[in-house]
Amino acid sequence: MGEIMRRQSLPLMSRRAQSALVAMAEETQIEQAGTRAISAVAEVAMSEVAYLKRTQGELEKACPDASEALALIAHSAAMAIARSVNRFGQEIGG
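Residues numbered from 1 in each chain as written. Predicted model: local features only at pLDDT ≥ 70, side-chain atom pairs only at ≥ 80, totals over all residues. Heavy atoms only, no water.

Caption draft 1: Structural view of the overall build of the chain. Within the chain, the regular secondary structure consists of two helices and zero strands. Taken over the C-alpha atoms alone, the chain extends approximately 95 × 35 × 10 Å along its principal axes. Burial status across the chain gives 7% buried among its 94 residues. Taken as two groups, the 10 positive and 11 negative side-chain charges of the chain have centres that lie 12 Å from each other. (Helix = DSSP H or I, 4+ residues; strand = E, 2+ residues; numbered from the N terminus. Buried < 20%, exposed > 50% of the residue type's maximum accessible area, 1.4 Å probe, protein only. Lys, Arg positive; Asp, Glu negative; His and termini not counted. Charge placed at Lys NZ, Arg CZ, Asp CG, Glu CD.)

Caption draft 2: Structural view of helix 1 (residues 15-62). The terminal C-alpha atoms of helix 1 lie 70 Å apart, and with 48 residues this matches the ideal 70 Å at 1.5 Å per residue to within 8%. Within the span of helix 1, buried status applies to Gly-34, Ala-45 and Gln-56. The inward-facing, buried residues of helix 1 abut helix 2 (67-93). (Expected span 1.5 Å × (residues − 1). Contact = heavy atoms within 4.5 Å.)

Caption draft 3: Broad picture of the packing of helix 1 against helix 2. At a closest axis distance of 10 Å, the pairing of helix 1 and helix 2 adopts a crossing angle of 175 degrees. Taken as axis vectors, helix 1 and helix 2 run roughly antiparallel relative to one another. Here the contact of helix 1 with helix 2 is composed, by residue class, of 17 nonpolar, five polar and three charged. (Axes fitted to C-alpha atoms, helices over the stretch in contact; angles between N-to-C directions. Parallel < 35°, antiparallel > 145°, perpendicular 65-115°, else oblique. Nonpolar A, V, L, I, M, F, W, Y, C, P; charged D, E, K, R; others polar.)

Caption draft 4: Fine view of helix 2. Look at helix 2: 38 Å from first C-alpha to last across 27 residues, which is about the 39 Å you get at 1.5 Å a residue. Of all the residues in helix 2, the buried ones are Leu-70, Ala-74, Ala-78 and Gly-89. Each element contacted by the buried residues of helix 2 is listed here: helix 1.

Caption draft 5: Representation of the environment of Ala-82 in the model. Tracing the chain through its elements places Ala-82 in helix 2. Counting along the chain gives 36 residues from Ala-82 to Met-46, while the straight-line C-alpha distance between them is 8.8 Å.

Caption draft 6: Summary view of a nonpolar patch on the surface. Residues Met-13, Leu-21 and Met-24 make up a contiguous nonpolar surface patch of about 310 Å² in total accessible area. Considering the arrangement of structural elements, one finds Met-24 in helix 1. (Patch = residues over 30% accessible without salt bridge, like charges linked within 9 Å, V, L, I, M, F, W, Y side chains within 5 Å. Areas by Shrake-Rupley, 256 points an atom, 1.4 Å probe, with all protein chains shown as cover. Salt bridge = Lys/Arg side-chain N within 4 Å of Asp/Glu carboxyl O.)

What follows is the structure, encoded as structure tokens:
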């Protein structure tokens with residue numbers, strides 16, 4: 001009973017290794033934040049395109065003669081949203 005149990009401890013690290021580890025952890029957090037931002041923007045964009053398509057359907061029911069023009073407008077707007085999300089992803093992703 002008089003024995004002292006040895007406690008498990010982490011090996012000692014140099015200051016250089018510690019600072020490198022901290023830098024890697026910070027970089028990982030930044031990358032994770034960027035990924036979450038891109039995901040959130042893409043989710044909002046998909047929601048906006050779905051709303052756009054619903055509105056297009058309602059307007060086409062109200063005015064069937066304008067369905068071709070409404071489809072062109074909706075498609076153009078959806079493509080602009082997609083380009084914006086892509087550009088945002090490229091800027092954030094580096």
